[in-house]
Amino acid sequence: MSPGARRGRRPAVRARRALGDARAAPDLRWVERLTGASSDAITSILCELDELVSVEAEIRAAHRAAGRAFYAQIRAPFELYAIVRLTRPLHVVEAGVSSGVSSAHFLLALQRNHHGTLHSIDFPTFQRGPELGARESGVSIPPGRSSGWAVPDRLKGRWDLRIGRSQDLLPNLVEELGRVDLFLHDDLHTPAHLAFELATVASALRPGSIVLADNTVWTGQSFPRFARRLGTDAYRRRGSDLVGLRVPSASRDPSS
Ligand SMILES: C[S@@+](CC[C@H](N)C(=O)[O-])C[C@H]1O[C@@H](n2cnc3c(N)ncnc32)[C@H](O)[C@@H]1O
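From a predicted model like this one, the values you see are computed outputs, not experimental measurements.

Visitor: Even after reading the chapter, I still don't get helix α10 (residues 222–230), so can you show me in this structure?
Guide: An α-helical turn contains 3.6 residues, so a residue and the one three or four places further along point in the same direction. Those residues of α10 that fall on the buried side of the exposure criterion are S222, F223, F226, A227 and L230. Projected down its long axis, α10 carries its buried residues within an arc of 135°, all on one side. Lining the buried residues of α10 we find α9 (191–202), β5 (205–213) and β7 (243–246). Once α10 finishes, G231 follows within two positions and takes phi at roughly 75°, a positive value.

As structure tokens, then:
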């Protein structure tokens, strides 16, 4: 499909239906602000997802098979795909995997890029019985499964999945990589923990690196403070409390 034909289309509609999450309608303006890409380029990339609906259908089927008809996943899986396709990161790092909706969309984009690796950290909690209890978290892992249980096997080639607490694993991972092009915080949503993760990845960020944090309604001033320290703006995704920033070229030292 030509860029002209794509213009005016609402992209990722088929993908959203296949995934079964109406909240996943992509916020193009948010991606534009984070990547600096044109809306035409973003629309073009998002249209790819409508050609990849079988992956979304597989993710949904995996959730249904585990009794999770509606899953408390990240609301922006298609924007994660677009950001990776547009910025072509070498190292994507995420904290918080659970069933792996964010992971699957990062991996899909990395596979399409033929470039880069996703490094994920997860410290899972496990569902106690065959049914999810009323007091149990929706992110707990169903019986017989493990972190990333909804990620299709054929996407796992570029995945470095590490199981443990981010407090224990993230510092070594960041030191090992030396550079982080894209970071997503989606694990323990407390102000202190987000501040710890941002301080940990800071030394490996470069101009143009993108930092995202979900559920910031629970993390107070940690993200805005980090953005101010870098001398940049934090952008909030429409309809959610997922925020992001792009490290500017002349940023202040993020680790100071
Ligand atoms: C909201 S879920 C992640 C959702 C995922 N990003 C998605 O899009 O489907 C949060 C995950 O982080 C894990 N977690 C909680 N505390 C953690 C910690 N300190 N270190 C690593 N993972 C943690 C939880 O067990 C859970 O698997």
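Visitor: I'm lost on the pattern of salt bridges in this one. Help?
Guide: If charged atoms from side chains of opposite charge come close, those side chains can pair. Summed over the entire model, instances satisfying the criterion amount to 13 salt bridges. A salt bridge links R23 to D21, with the shortest nitrogen-to-oxygen separation between them at 3.1 Å. Owing to a relative accessible area of 27%, R23 belongs among the partly exposed residues under this scheme. One salt bridge in this structure joins E58 and R154, with 2.0 Å as the shortest N-O distance. On the criterion of sequence distance, the pair formed by E58 in helix α5 (residues 53–65) and R154 in the loop between β2 (117–122) and β3 (159–163) is long-range, its members being 96 residues apart. On the accessibility criterion, R154 (46% relative accessible area) is partly exposed. A network of salt bridges, in which partner residues are shared, links E48, E51, R85 and R112.

Visitor: Whenever I open this one, the sheet that holds β5 confuses me. Can you help?
Guide: Within a beta sheet, neighbouring strands are joined by backbone hydrogen bonds and run either parallel or antiparallel to one another. Ordered in space as β3-β2-β1-β4-β5-β7-β6, the 7 strands form an open sheet in which the pairing is mixed. Because the sheet does not close on itself, it has two edges, and the strands there are β3 and β6 (235–236). Seen against the sheet, helix α6 (residues 77–87) touches β1 (91–95), β4 (180–185) and β5 and runs at an angle of roughly 175° to β5. In the packing of α10 onto the sheet, contacts are made with β5 and β7, and the angle to β7 comes to roughly 10°.

Visitor: In this structure, what is going on with the layout of surface pockets? I would like to understand it.
Guide: Left-over empty space is what a probe sized like a water molecule reveals as it rolls over the atoms. Taken as a whole, the largest pocket holds about 820 Å³ of empty space. Of the residues contributing to the lining of the largest pocket, the split by class is 12 nonpolar, 15 polar and 8 charged.

Visitor: Got a minute to help me understand unusual backbone geometry in this structure?
Guide: Glycine aside, negative phi is the norm for most residues, and most peptide bonds take the trans geometry. A positive phi angle, near 45°, is found at R88, a position not held by glycine. Within the secondary structure, R88 sits in the loop between α6 and β1. The exposure class of R88 is partly exposed, given its relative accessible area of 40%. If you check the backbone angles, N215 has positive phi at about 55° while not being a glycine. Locating N215 in the fold gives a position in the loop between β5 and α10.

Rules behind the numbers
Residues numbered from 1 in each chain as written. Predicted model: local features only at pLDDT ≥ 70, side-chain atom pairs only at ≥ 80, totals over all residues. Heavy atoms only, no water. Buried < 20%, exposed > 50% of the residue type's maximum accessible area, 1.4 Å probe, protein only. Helix = DSSP H or I, 4+ residues; strand = E, 2+ residues; numbered from the N terminus. Arc of directions from axis to C-beta. Contact = heavy atoms within 4.5 Å. Salt bridge = Lys/Arg side-chain N within 4 Å of Asp/Glu carboxyl O. Pairing = 2+ DSSP bridges. Axes fitted to C-alpha atoms, helices over the stretch in contact; angles between N-to-C directions. 1 Å grid on protein atoms, 1.4 Å probe; cavity = no way out; pocket = protein on both sides within 12 Å on 5 of 7 lines; lining within 4 Å. Points joined across faces, edges and corners; volume = space filled by probe spheres on them. Nonpolar A, V, L, I, M, F, W, Y, C, P; charged D, E, K, R; others polar.

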